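# Results of the structural survey
Residue-level listing of the chains:
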Amino acid sequence: MKPVDIVKWIATAVQLVGYGLTGMNIVPWNVFAFFIGIGLWMAVGVMWKDRAIIVVHVGAFLSLLTGYLSA
């Protein structure tokens, strides 16, 4: 397995944990999980040189950060 595949699967698992925590209304841990997952997926985008993945996760990060700070 390539390093990018390992990061991709860890990012996916962390994002799923974030969704589960959100479903159980466990805050702010859900937000922290999403921040970690977003960061890992942005790293995957950089490793793949895939601007679409990078852009969507920068947007997700900014949206999540704005919401977290305004709460």
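Shown above is the structure to which this text applies.
All of the points below concern the structure found in this document. Since this is a predicted model, take the numbers as computed values, not measurements.

It is characteristic of soluble globular proteins that their nonpolar side chains tend to be buried jointly. The biggest cluster of nonpolar side chains holds 6 residues, and these are Val-4, Val-7, Ala-11, Trp-41, Val-44 and Ile-53. At the level of elements, α1 (3-23) and α2 (29-48) are the ones that each hand at least two residues to this core. It is α1 that provides the largest number of residues to this core, a total of 3 residues.

With 21 residues, α1 should reach 30 Å at 1.5 Å per residue; the first-to-last C-alpha distance of 30 Å fits that figure. Taken together, the buried positions of α1 are occupied by Val-4, Val-7, Lys-8, Ala-11, Val-14, Gln-15, Gly-18 and Leu-21. End-on view of α1: buried residues confined to an arc of 150°, all on one side of the axis. Seen from the open side of α1, the exposed residues pointing more than 90 degrees away from its buried face are Trp-9, Leu-16 and Gly-23. Looking at the packing, one finds that the buried side of α1 touches α2.

Moving on, we come to the packing of α2 against helix α3 (residues 51-70). Packed helices, taken two at a time, are described by the angle their axes make and the gap between the axes. Between α2 and α3, the least distance of the axes is 8 Å, while the angle of their chain directions is 160°. What the angle tells us is that α2 and α3 run roughly antiparallel. When the axes of α2 and α3 are compared, the crossing they make is left-handed. Residues Val-31, Phe-32, Phe-34, Phe-35, Ile-38, Trp-41, Met-42, Gly-45, Val-46 and Trp-48 of α2 touch α3, and the partners they reach there are Ile-53, Ile-54, His-57, Val-58, Ala-60, Phe-61, Leu-64, Leu-65 and Tyr-68.

Next up on the list: the environment of Met-47. Checked against the element boundaries, Met-47 lands in helix α2. Residue class for Met-47 comes out partly exposed when judged on its relative accessible area of 39%. In this view, Met-47 contacts Val-4 and Val-7; residues no more than four positions away in its chain are not counted.

This part takes up the environment of Ala-11. Among the structural elements, Ala-11 can be located in helix α1. A residue is classified by how much of its surface remains accessible, and Ala-11, at 0% relative accessible area, is buried. Sequence spacing of Ala-11 and Trp-41 is 30 residues, and the spatial spacing of their C-alpha atoms is 6.0 Å. Apart from residues lying up to four places away in sequence, Ala-11 is in contact with Gly-37, Leu-40 and Trp-41.

The rules behind these values
- Residues numbered from 1 in each chain as written.
- Predicted model: local features only at pLDDT ≥ 70, side-chain atom pairs only at ≥ 80, totals over all residues.
- Heavy atoms only, no water.
- Core = buried A, V, L, I, M, F, W, Y, C linked by side-chain atoms within 4.5 Å.
- Buried < 20%, exposed > 50% of the residue type's maximum accessible area, 1.4 Å probe, protein only.
- Helix = DSSP H or I, 4+ residues; strand = E, 2+ residues; numbered from the N terminus.
- Expected span 1.5 Å × (residues − 1).
- Arc of directions from axis to C-beta.
- Contact = heavy atoms within 4.5 Å.
- Axes fitted to C-alpha atoms, helices over the stretch in contact; angles between N-to-C directions.
- Parallel < 35°, antiparallel > 145°, perpendicular 65-115°, else oblique.
- Left-handed = near helix turned anticlockwise from the far one by under 90°.

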